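# Overview (structure and organization)
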Amino acid sequence: MALVMQTQQVASAYDRWTPVYDMVFGPVFRQGRAAAVRAAERIGGRILEVGVGTGLSLPSYGAESRVVGIDISEGMLTKARRRAARLPQVEAIEVGDAERLSYADNSFDVVVAQYVVSAVPNPQAALDEFARVVRPGGEIVITTRVGAEQGVRVHIEKALMPLTSRLGFRTDFPFALYTDWAAHRSDVTLVERRALKPLGHFSLVRFVKQDMSARAAA
């Protein structure tokens, strides 16, 4: 992943996607959205959805949840705000950068990031921010593209990177990025990796943030 993506480049790409995003990506990501919301709702409470996009997931959250949605694309957020207008579970829709979240430590019970980590310039920085703002005992729920680990698809994904990075996402995105990140932290544990239908190119990934104070006391 030597190719460098820039934050403004990603924002501009998704501004361009805004008019057709629901039509193009809505059906493709439907099962992943549903799985992510179900996982988040098992924890409940205050939920941060990073990369809320046009707000396709927002109506699926329960009335007892308090959802804050952020995105770097102003165009996307215009649609998200319209969707959120009649949803009492939505606390706020705001401009935000996944790599530089404006919230205090331990502010949320769950952080949801749907198809976001493979679209940010610095995935590890975004993951660090998710871990910072979620409370101990809370979860980071991710739906993500997972790159091939062998075969012809590996070479195809690498070859497509110059194009797809301009469109706002990576095709060459190994799962090792997640396991390597978790291995260098003592406060997060990978608890689930599940392939999503129809083709298994996407996965649901869940991390639990450990309560380090409880560990120290023990």
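Predicted model, so just to flag it, every value in this text is computed and none were measured. (Residues numbered from 1 in each chain as written. Predicted model: local features only at pLDDT ≥ 70, side-chain atom pairs only at ≥ 80, totals over all residues. Heavy atoms only, no water.)

The next subject is the packing of aromatic side chains. Counted under the stated rule, the structure contains 7 aromatic pairs. When the ring of phenylalanine 29 is compared with that of phenylalanine 202, the centres are 5.5 Å apart and the planes differ by 85°; the resulting orientation is edge-to-face. One end of the pair, phenylalanine 29, is in the loop between α2 (21-25) and α3 (30-43); the other, phenylalanine 202, is in strand β7 (residues 202-209), with 173 residues separating them in the sequence. We classify phenylalanine 29 as buried; its relative accessible area is 9%. An angle of 85° between the planes, with centres 5.2 Å apart, marks the rings of tryptophan 181 and phenylalanine 207 as edge-to-face. Remark: phenylalanine 207 occurs in strand β7 and tryptophan 181 occurs in helix α7 (residues 176-183); sequence separation between them is 26 residues. Residue tryptophan 181 shares its accessibility class with phenylalanine 207, and that shared class is buried. These aromatic residues form a ring-pair network of at least three members: Phe175, Tyr178, Trp181 and Phe207. Sitting above the plane of the phenylalanine 175 ring, arginine 193 keeps its charged end 3.9 Å from the centroid. (Phe/Tyr/Trp six-rings, centres within 6.5 Å; stacked < 30°, edge-to-face > 60°. Helix = DSSP H or I, 4+ residues; strand = E, 2+ residues; numbered from the N terminus. Buried < 20%, exposed > 50% of the residue type's maximum accessible area, 1.4 Å probe, protein only. Lys NZ or Arg CZ within 6 Å of the ring centre and 35° of its normal.)

Next up on the list: α7. Within α7, burial applies to Leu177, Tyr178, Trp181 and Ala182. Along α7, the residues classed as buried sweep out an arc of 125° about the axis, all on the same side. For α7, the secondary structure elements touched by its buried residues are α5 (123-133), β5 (134-145), β6 (188-196) and β7. (Arc of directions from axis to C-beta. Contact = heavy atoms within 4.5 Å.)

What follows is about the sheet that holds β7. With mixed pairing, 7 strands are arranged side by side in an open sheet as β3-β2-β1-β4-β5-β7-β6. Strands with a single pairing partner mark the edges of an open sheet, and in this sheet they are β3 (90-95) and β6. Strand-to-strand twist in this sheet, taken as the mean axis angle between neighbours without regard to direction, amounts to 15°. Pairing of strand β2 (residues 66-71) with β3 involves 5 bridges; the strand directions are parallel. Looking at the pairing, valine 68 lines up with alanine 92 of β3. The strands touched by α3 within the sheet are β1 (46-50), β4 (108-114), β5, β6 and β7, with β4 carrying the most contacts at an inclination of about 170°. (Pairing = 2+ DSSP bridges. Axes fitted to C-alpha atoms, helices over the stretch in contact; angles between N-to-C directions.)

Let us look at a nonpolar patch on the surface. Residues Val20, Met23 and Val24 make up a contiguous nonpolar surface patch of roughly 260 Å² in combined accessible area. Structurally, methionine 23 is set in helix α2. (Patch = residues over 30% accessible without salt bridge, like charges linked within 9 Å, V, L, I, M, F, W, Y side chains within 5 Å. Areas by Shrake-Rupley, 256 points an atom, 1.4 Å probe, with all protein chains shown as cover. Salt bridge = Lys/Arg side-chain N within 4 Å of Asp/Glu carboxyl O.)

Here asparagine 106, not a glycine, exhibits a phi torsion of approximately 60°, which is positive. Assignment of secondary structure puts asparagine 106 in the loop between β3 and β4. A positive phi angle, near 55°, is found at tyrosine 115, a position not held by glycine. You can see tyrosine 115 is positioned in the loop between β4 and α5.

Considering all chains together, one arrives at 12 salt bridges under this definition. Put simply, aspartate 109 and arginine 135 hold a salt bridge, and the shortest N to O gap is 2.5 Å. Remark: arginine 135 occurs in strand β5 and aspartate 109 occurs in strand β4; sequence separation between them is 26 residues. On the basis of relative accessible area, arginine 135 is assigned to the partly exposed category, the value being 27%. With a shortest N-O distance of 2.8 Å, arginine 132 and glutamate 129 are connected by a salt bridge. Within this pair, arginine 132 and its partner glutamate 129 are both found in helix α5, separated by 3 residues, close to a single helical turn. Of the residues examined, glutamate 129 reaches a relative accessible area of 13% and is grouped as buried.

To continue, consider the pairing of β2. With 5 of its 6 residues buried, β2 lies for the most part within the structure. As defined by bridge partners, β1 adjoins β2 across 5 bridges and the pair is classed as parallel. Among the inter-strand pairings, leucine 48 is bridged to a residue of β2, identified as valine 68. Running through helix α4 (residues 74-84), the crossover from β2 to the neighbouring parallel element β3 is right-handed. (Right-handed = clockwise from strand over helix to strand, strands pointing away.)

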